[in-house]
Amino acid sequence: MKNSHSASYAAAGVDVTAGYEAVQRIKPMVESTYIPGVMGTLGGFGGMFAPDMAGMKKPVLVSGTDGVGTKLRLAMLLNKHDTIGIDCVAMCVNDIICGGASPLFFLDYIACGRNDPARIAEIVAGIAEGCRQSECALVGGETAEHPGVMPDEDYDLAGFSVGIVDEENIIDGKRLSTGDVLIGLGSTGVHSNGFSLVRKALDVEHTDLTSPMEELGGRSLGETLLAPTRIYVKAVKALLKAGVDIHAISHITGGGFYENVPRMMTDGLTARIDLKTFPKLPIFDLIQRKGNIPERDMYNTFNMGLGMILAIPAVQAERALSTLTDAGENAYQVGSVVSGSDGVELVK
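No experiment lies behind these values; they were computed from the predicted model shown.

### Focus: the overall build of the chain
- Assigned secondary structure in the chain consists of 12 helices and 12 strands.
- At 21 Å, the chain has a C-alpha radius of gyration in line with the 20 Å of a compact globule built from 348 residues.
- Taken over the C-alpha atoms alone, the chain extends approximately 70 × 55 × 35 Å along its principal axes.
- Within the chain, contacts between residues separated by at least 24 positions form 84% of all contacts whose residues are at least 6 apart in sequence.
- Of the roughly 15700 Å² of accessible surface on the chain, 50% is carried by carbon and sulfur atoms.
- Between the mean site of the 29 positive side-chain charges and the mean site of the 42 negative ones, the chain shows a separation of 2 Å.

### A look at the sheet that holds strand β3 (residues 59–67)
- Spatial strand order, β3-β6-β4-β5: four strands in an open sheet with mixed pairing. The sheet terminates laterally at β3 and β5 (137–145), the two strands that pair on one side only. Going from strand to strand, the sheet's axes swing by 15 degrees on average, the running direction of each strand aside.
- With nine bridges connecting them, β3 and strand β6 (residues 155–166) associate as antiparallel partners. By the bridge assignment, Gly-67 is partnered in β6 with Ala-158.
- Each of β4 (102–112), β5 and β6 is contacted by helix α5 (residues 117–133), which is oriented at about 165 degrees to β4, the strand it contacts most.

### Some details on the packing of helix α4 (residues 84–97) against α5
- Relative orientation of the contacting elements α4 and α5 amounts to 40 degrees, with a least axis distance of 6 Å. Classified by the angle their axes make, α4 and α5 are oblique. Here α4 runs over α5; the crossing is right-handed. Together, Ile-84, Gly-85, Ile-86 and Val-89 of α4 and Ile-123, Gly-126, Ile-127, Glu-129, Gly-130, Cys-131 and Gln-133 of α5 make up the contact between the two elements.
- Per-class residue counts for the contact of α4 with α5 are six nonpolar, four polar and one charged.

### Description of α5
- Between its terminal C-alpha atoms α5 stretches 24 Å, which fits the 24 Å expected from 17 residues at 1.5 Å a residue.
- Every buried residue belonging to α5 is among Pro-117, Arg-119, Ile-120, Ala-121, Ile-123, Val-124, Gly-126, Ile-127, Ala-128, Gly-130 and Cys-131, and all of these are buried.
- Looking at the residues trailing α5, positive phi occurs at Glu-135, about 55 degrees.

### Some points on helix α10 (residues 282–291)
- Here α10 has its buried residues at Ile-283, Phe-284, Leu-286, Ile-287 and Gln-288.
- As for α10, its buried residues are in contact with α6 (195–202), α7 (221–226) and α11 (295–299).
- Positive backbone phi, approximately 50 degrees, marks Asn-292, located one or two places after α10.

### A word on the sheet that holds strand β9 (residues 269–274)
- Read from one edge of the open sheet, six strands run β8-β10-β7-β11-β9-β12, paired in mixed fashion. Sheet topology places β8 (248–251) and β12 (344–347) at the edges, where each strand pairs with a single neighbour. Neighbour-to-neighbour, the strand axes of the sheet open up by a mean angle of 25 degrees, direction not taken into account.
- Where β9 meets strand β11 (residues 331–339), five bridges bridge the pair, whose relative direction is antiparallel. Following the sheet pairing, Ile-273 is matched in β11 by Gly-335.
- The sheet strands contacting α4 are β8 and β10 (306–312), and the helix crosses β8 at an angle near 165 degrees.

### With respect to the packing of helix α8 (residues 233–241) against helix α12 (residues 317–326)
- Direction vectors running N to C along α8 and α12 enclose 135 degrees, while the axes themselves pass 9 Å from each other. The orientation of α8 with respect to α12, classified from their angle, is oblique. You can see that α8 and α12 cross each other, and the crossing is right-handed. On the side of α8, the interface is formed by Ala-235, Ala-238 and Leu-239, while α12 contributes Ala-320, Thr-323 and Leu-324.
- Class assignment for the residues of the contact of α8 with α12 results in five nonpolar, one polar and no charged.

### Thoughts on the nonpolar core
- Judged by nonpolar contacts, the single largest core of 91 residues is most densely connected at Leu-225, Phe-257, Ile-273 and Ile-287.
- Sorting elements by how many residues they give to this core places α4 first, with eight residues.
- Not counting chain neighbours up to four residues away, the residues in contact with Leu-225 comprise Lys-71, Leu-74, Val-190, Phe-195, Val-198, Leu-202, Val-204 and Ile-283.
- By size, the runner-up hydrophobic cluster in this structure holds seven residues, among which are Phe-49, Phe-105, Ala-137 and Val-162.

### Comments concerning the packing of aromatic side chains
- Going through the model one piece at a time under the given rule, you end up with four aromatic pairs.
- Taking 5.6 Å as the distance between ring centres and 40 degrees as the angle between the ring planes, the aromatic pair formed by Phe-49 and Phe-105 counts as tilted. Of this pair, Phe-49 sits in strand β2 (residues 48–49) while Phe-105 is found in strand β4, placing the two residues 56 residues apart along the sequence.
- Under the relative-accessibility criterion, Phe-49 is labelled buried at 15%.
- An aromatic cluster is built from Phe-257, Phe-278 and Tyr-299, whose rings are joined through pairwise contacts.
- Taking the ring centre of Tyr-258 as reference, the NZ or CZ of Arg-296 above it sits at 3.8 Å.

Procedures and definitions
Residues numbered from 1 in each chain as written. Predicted model: local features only at pLDDT ≥ 70, side-chain atom pairs only at ≥ 80, totals over all residues. Heavy atoms only, no water. Helix = DSSP H or I, 4+ residues; strand = E, 2+ residues; numbered from the N terminus. Rg over C-alpha atoms; globule rule 2.2 N^0.38 Å. Contact = heavy atoms within 4.5 Å. Areas by Shrake-Rupley, 256 points an atom, 1.4 Å probe, with all protein chains shown as cover. Lys, Arg positive; Asp, Glu negative; His and termini not counted. Charge placed at Lys NZ, Arg CZ, Asp CG, Glu CD. Pairing = 2+ DSSP bridges. Axes fitted to C-alpha atoms, helices over the stretch in contact; angles between N-to-C directions. Parallel < 35°, antiparallel > 145°, perpendicular 65-115°, else oblique. Left-handed = near helix turned anticlockwise from the far one by under 90°. Nonpolar A, V, L, I, M, F, W, Y, C, P; charged D, E, K, R; others polar. Expected span 1.5 Å × (residues − 1). Buried < 20%, exposed > 50% of the residue type's maximum accessible area, 1.4 Å probe, protein only. Core = buried A, V, L, I, M, F, W, Y, C linked by side-chain atoms within 4.5 Å. Phe/Tyr/Trp six-rings, centres within 6.5 Å; stacked < 30°, edge-to-face > 60°. Lys NZ or Arg CZ within 6 Å of the ring centre and 35° of its normal.

The structure is reproduced here in structure tokens:
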């Protein structure tokens, strides 16, 4: 590529040499995520992966794709781009693990107004960290300059991941029954959903984002909002390894409890969640107060402190909580599965 340069393309706003520089900057980060199964190196036209399917009777591939949404605006306002990639990976792999699948590989797509190799490297550093946290490989991606479509300093970020599970081990809610216990996994904050409402409620464009705030435990508003989404892959894997029989999982993303929890339920069953059993993070109190947001809308938009909810047999609750604590998770017994058609019932 040393002879590749187009003065005409550069005059139109696309510097191909910046793209080459970005690739050289991110190559070590990408390679740091490689796991057994990765084939080839960065720079090919397609990322190759040979999964180990030994012992599987009927392997099933599970895929997920997502972006970061308007949380990107916080990264731009704070000029901090090295964690937003964790969010992108998390939004994909947390969905995949809900089906019991282990993520294998991840690909990213970055669209930007102008290719700044240093900033691209920051973004990819976060993506690589997310891949390491979820034990999957970053096997490829794309960076595209969009001059005239996006302002120079703007960018958007999306990703795609594929995982694998043996068909007989798929977690799909079919074995749910009344009396199952609900286990909630603590979130790190707002994660990557509801930021259009967050930005409006807190007027982030005109608010001090960097000063410590007592009500946020001494953290700044910007630091609190930009905290990366918790990745729950290792936690779920630890439960499965410990022999916990997970009947269903819900990733609490956009739509909060009212939209996501019913997705793990089957007909005639409802998740009854006791809101007193887990701490509501201070950032949500601040958002609700500043935005004058009704409580139901809060639980219909945000995770409120729980990023994932699992349903398991009641007799395994103690083992599950102990396993999760050992895995470094904040875990809570938050309710149970009952008869009903609402899908979710929140109890104060």
